[in-house]
Number of protein chains: 2
Amino acid sequence: MTIDARQFRSALGSFATGITIVTTRDPAGADVGLTVNSFNSVSLDPPMVLWSLAKKSRSRQAFIDAGQFAVHILSLDQSELATRFASPLPDRFAGLSLERSEGGMPLLRDCAARFQCKIISRYEGGDHDIFVGEVSAFENFGRPALVLQAGRYAVAVEKPERPLLNYGVASGDAGRNSITYLLARAYYQVQIAIRPELARRNLSETDYHMLTIVALNGPCTAAQVTDLIAVSGHQVSLADMQRLAHRQLLSLSEKEGADPIVQLTEAGRESMVRIAAMAKAIEEDAVTDLGYTEVDIFKQMLRKIIRRTRLPWQKDPLVSN
Amino acid sequence: MTIDARQFRSALGSFATGITIVTTRDPAGADVGLTVNSFNSVSLDPPMVLWSLAKKSRSRQAFIDAGQFAVHILSLDQSELATRFASPLPDRFAGLSLERSEGGMPLLRDCAARFQCKIISRYEGGDHDIFVGEVSAFENFGRPALVLQAGRYAVAVEKPERPLLNYGVASGDAGRNSITYLLARAYYQVQIAIRPELARRNLSETDYHMLTIVALNGPCTAAQVTDLIAVSGHQVSLADMQRLAHRQLLSLSEKEGADPIVQLTEAGRESMVRIAAMAKAIEEDAVTDLGYTEVDIFKQMLRKIIRRTRLPWQKDPLVSN
């Protein structure tokens, strides 16, 4: 039986796992720990968990000697810690703020959950030992957890339901499933709640676009404002900017013959800050049904689309990195 | 030591896992299988995997007798199979199209990966047995895999990088991270590529909105068209619809005094089908950097926002279910 180790590992990689750091203390009192994804539950009564450790691991004897360990299920923000505890460093614990179990095991903070265990069996498992521990104490911190799939850090999100409807039966249903329709509708609907505020301030949607562009980009030339707005399909001229300048919301430098520099006045900035505060509350409500992690994922997806579809001359730090 | 079983299970649940179905055949030749998430790799050389089975499981003796099993890492589309193989059914295999391993084990199709194993150890693990199998053959089908986290079916997606920039240092960066800005920019940029086609057909953006609404909703009254377009901040009157009727793209029923019924003409439908085909290609390019699964997740997130932000009178089957 010849099995290609790389292909075997790759096939196993489709099985997602969380990521843990397992720690103990060696007889000399030094803290020992390593990143482990072969963790799993075994028994509820008595509460038991297991994990596997390569027989050639330098940490092996410390676990055998200590007879106990702590397992930390890493939270989404701890991918750097996972990488650190998988790297050949002289002291992986350097600079970390630790707690201690009753038995003296090093306990890491900010994880999703952690378990203190007494080793009750060590089983033979090929090139690994299987450590089975009985859980003596555990804490569940409720943080979203890090996931490993196909060798990469990932995050688990709700599985999309599919198909939602029999798309294609009615052309309208297919159209309503298109990215453009969904983007347009989400955008327009989120905007609905801001419109009364714009109306109250006597600002048209195009006025608001102009002010937003100047607020986001800082001082621009009038030609730049026109170009940036054109992306949205709106057309503005110098006269539109002058109208907002008359209302003391924008200021335009008036050098003869030159493209004027457009910037927000103090009153313009104050208006935009107030509208932005309202927009923020509206946005937070709009994403109520998305989890905290999902909002970040959603924004990352939008950035990927923006990066892909932007025009060659469009540049900004947020989407280009 | 008193450990609350429900809290223990909940703490373990933050550790994500894939989902497998493990199968074997009992001495009478009946197929046996169950859903298992306590699967994990043990050894690369020799290739070994393990999983745990409750001692009180009705399937236990079949695995012991057979001395072999097959493990299927379930794909994203197999959540119903996972539920089925965790349910008390007389025949969980009913109606499934099976393959057979050399040893006669039932092999399920359409999974992400599968492994044929010989049991080489059965270890004591509290209320469970730990089955360790040596892998004699495996297949990797490369399908996206199902994930279990916190007791729910999930899917693993690329972990979002955070923070992308030092938001808040410059107000522009914070603004560029807002949902509204990202939605607007993604939508407008995806639309850029369709504009030359609209210009070629002498259609304004508002014309295109009108035609899209009638195409998606089927025949509407003129008042409905006006209301639906108003969501996007565009204002249209009966005269705008009559203009498109003069161009043979829309037809308006002309009953005296009544709100006319607006629908696409054959020419209007043909125009929209051609524009839709072009829009589809543009969309597919726009989401190039999102994986297949990510596109579904992205759409689901947009639907959640649409459902949350829509006006009370807005209804349609796609977002309401």
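Higher on the page you've got the structure.
Parameters and conventions
Residues numbered from 1 in each chain as written. Chains lettered and ligands numbered in written order. Predicted model: local features only at pLDDT ≥ 70, side-chain atom pairs only at ≥ 80, totals over all residues. Heavy atoms only, no water. Helix = DSSP H or I, 4+ residues; strand = E, 2+ residues; numbered from the N terminus. Rg over C-alpha atoms; globule rule 2.2 N^0.38 Å. Buried < 20%, exposed > 50% of the residue type's maximum accessible area, 1.4 Å probe, protein only. Areas by Shrake-Rupley, 256 points an atom, 1.4 Å probe, with all protein chains shown as cover. Pairing = 2+ DSSP bridges. Axes fitted to C-alpha atoms, helices over the stretch in contact; angles between N-to-C directions. Contact = heavy atoms within 4.5 Å. Phe/Tyr/Trp six-rings, centres within 6.5 Å; stacked < 30°, edge-to-face > 60°. Buried area = accessible area lost by both parts, 1.4 Å probe. Salt bridge = Lys/Arg side-chain N within 4 Å of Asp/Glu carboxyl O. Polar contact = N/O pair within 3.5 Å; in protein donor to acceptor, adjacent residues only side chain to side chain. Nonpolar A, V, L, I, M, F, W, Y, C, P; charged D, E, K, R; others polar. Core = buried A, V, L, I, M, F, W, Y, C linked by side-chain atoms within 4.5 Å. Arc of directions from axis to C-beta. Least-squares fit on C-alpha atoms with pLDDT ≥ 70 in both. 1 Å grid on protein atoms, 1.4 Å probe; cavity = no way out; pocket = protein on both sides within 12 Å on 5 of 7 lines; lining within 4 Å. Points joined across faces, edges and corners; volume = space filled by probe spheres on them.

### As for the overall build of chain A
Then comes step 1: Tallying secondary structure elements over chain A gives 12 helices and 15 strands in all.
Then comes step 2: Computed over its C-alpha atoms, the radius of gyration of chain A comes to 29 Å, more than 25% above the 20 Å expected for a compact globule of 321 residues.
Then comes step 3: Seen through its principal axes, chain A has C-alpha atoms that stretch 80 × 55 × 40 Å.
Then comes step 4: Within chain A, the proportion of its 321 residues that are buried is 52%.
Then comes step 5: Carbon and sulfur atoms form 50% of the exposed surface of chain A, whose accessible area is close to 14600 Å².

### Quick look at the sheet that holds strand 5 (residues 48-54) of chain A
Then comes step 1: Taken in spatial order, the 7 strands make up an open sheet running 3-2-6-9-10-5-4 (chain A), and their pairing is antiparallel. Looking at strand neighbours, the two that pair on one side only are strand 3 (31-36) and strand 4 (40-43) of chain A, the edges of this open sheet. Shown here is a sheet whose adjacent strand axes are inclined to one another by a mean of 35°, direction ignored.
Then comes step 2: Bridge analysis of strand 4 of chain A against strand 5 of chain A gives 3 bridges, and the strand direction is antiparallel. Along strand 5 of chain A, the bridge assignment pairs S41 of chain A with V49 of chain A.
Then comes step 3: Sheet strands touched by helix 1 (residues 5-13) of chain B: strand 4, strand 5, strand 6 (68-73), strand 9 (113-125) and strand 10 (128-140) of chain A. Its angle to strand 10 of chain A, the strand with the most contacts, is close to 120°.

### Some details on the sheet that holds strand 14 (residues 250-252) of chain B
All names here are of chain B.
Then comes step 1: Strand order in the open sheet formed by 3 strands is 13-15-14, and the pairing between neighbours is antiparallel. Looking at which strands have only one partner, the edges of the open sheet turn out to be strand 13 (220-221) and strand 14.
Then comes step 2: For strand 13 and strand 15 (residues 261-264), the ladder comprises 2 bridges, and the chain directions are antiparallel. Within strand 15, the position partnered with C220 by the bridge is V262.
Then comes step 3: Across the face of the sheet, helix 9 (residues 238-246) comes into contact with strand 14 and strand 15 while running at roughly 120° to strand 14.

### Topic: the pairing of strand 15 (residues 261-264) of chain A
Residues and elements named next belong to chain A.
Then comes step 1: The side-chain alternation of strand 15 yields one buried face, formed by V262 and L264, and one unburied face, formed by I261 and Q263.
Then comes step 2: In terms of strand pairing, strand 14 (residues 250-252) meets strand 15 through 3 bridges, oriented antiparallel. Residue pairing in the sheet places L250 in a bridge with L264 of strand 15.

### With respect to the packing of aromatic side chains
Then comes step 1: Overall, the coordinates contain 27 aromatic pairs over all chains when judged by the stated rule.
Then comes step 2: For the pair Y187 of chain A and Y187 of chain B, a centre-to-centre distance of 6.4 Å together with 35° between the ring planes defines the contact as tilted. Of this pair, Y187 of chain A sits in helix 5 (residues 179-192) while Y187 of chain B sits in helix 5 (residues 179-192), each in a different chain. As far as the burial class goes, Y187 of chain A and Y187 of chain B line up, both buried.

### What about the interface of chain A and chain B?
Then comes step 1: Across the contact, 133 residues belong to chain A and 133 residues belong to chain B.
Then comes step 2: Roughly 12600 Å² is buried in total at the junction of chain A and chain B, and carbon and sulfur atoms are behind 64% of that figure.
Then comes step 3: Joining chain A to chain B, the criterion identifies 6 salt bridges.
Then comes step 4: E158 of chain A is the partner of K304 of chain B in a salt bridge, and the nearest nitrogen-oxygen pair spans 2.8 Å.
Then comes step 5: The interface formed by chain A and chain B contains 53 residue pairs in polar contact (both at pLDDT 80 or more).
Then comes step 6: The leading source of residues in the side of chain A that touches chain B is helix 11 (residues 292-309) of chain A, at 16 residues.
Then comes step 7: Across the side of chain A that touches chain B, the residue classes break down as 69 nonpolar, 37 polar and 27 charged.
Then comes step 8: Where strand 12 (residues 152-158) of chain A and strand 12 (residues 152-158) of chain B come together, 5 bridges link them in antiparallel fashion. From the neighbouring strand, V157 of chain A faces strand 12 of chain B, where its bridge partner is V155 of chain B.

### Observations regarding the side chain of K159 of chain A
Then comes step 1: Structurally, K159 of chain A is set in the loop between strand 12 and helix 4 (171-176).
Then comes step 2: Only 3.3 Å separates the side chain of K159 of chain A from the backbone oxygen of L76 of chain B, close enough to count as a polar contact.
Then comes step 3: Contact partners of K159 of chain A, with chain neighbours within four places excluded, come to L76, S79, L146, Y153, A154, V155 and Q300 of chain B.

### Quick look at the nonpolar core
Then comes step 1: Ranked by size, the top nonpolar core spans 117 residues in total, and within it L183 and F298 of chain A together with L183 and F298 of chain B carry the most contacts.
Then comes step 2: Those residues in contact with F298 of chain A that lie beyond four places of it in its chain are L290 of chain A together with I179, L183, F298, M301, L302 and I305 of chain B.

### Some thoughts on unusual backbone geometry
All names here are of chain A.
Then comes step 1: The amide bond that connects D45 to the next residue, P46, takes the cis arrangement and shows omega of 0°.
Then comes step 2: Of note, D110 is a non-glycine position whose phi angle comes to about 65°, a positive value.
Then comes step 3: Within the secondary structure layout, D110 lies in the loop between strand 8 (106-107) and strand 9.

### Examining helix 8 (residues 222-230) of chain B
An α-helical turn contains 3.6 residues, so a residue and the one three or four places further along point in the same direction.
Then comes step 1: Turning to helix 8 of chain B, its buried residues are A222, V225 and I229 of chain B. In an axial view of helix 8 of chain B, the angular spread of the buried residues amounts to 55°, which keeps them on one side of the axis.

### Quick notes on the relation of the copies chain A and chain B
Then comes step 1: You can overlay chain A on chain B at an RMSD of 0.1 Å; the transform is a turn of 180° with a shift of 0.0 Å along its axis. Overall, the copies show the geometry of a two-fold rotation axis.
Then comes step 2: Of the residues that chain A buries at the interface, 100% are likewise interface residues in chain B, meaning the two copies contact each other through the same surface.

### Structural notes on empty space enclosed by the protein
Then comes step 1: On inspection of all chains with the given rule, the structure shows 1 cavity of 30 Å³ or more.
Then comes step 2: By volume, the largest cavity is sized at about 40 Å³.
Then comes step 3: Around the largest cavity, the lining residues are Y187, Y188, Q191, I194, R195, L198 and E205 of chain A together with S232 of chain B.
Then comes step 4: For the lining of the largest cavity, the elements supplying multiple residues, two or more each, are helix 5 and helix 6 (195-200) of chain A.
Then comes step 5: Ranked by residues supplied to the lining of the largest cavity, first place goes to helix 5 of chain A with 3 residues.
Then comes step 6: Class assignment for the residues of the lining of the largest cavity results in 4 nonpolar, 2 polar and 2 charged.

### A closer look at the environment of V36 of chain B
Residue and element names in this part refer to chain B.
Then comes step 1: Note on placement: V36 falls in strand 3 (residues 31-36).
Then comes step 2: The class of V36 is buried, set by a relative accessible area of 5%.
Then comes step 3: C-alpha of V36 to C-alpha of H209: the two residues are 173 residues apart in sequence and 50 Å apart in space.

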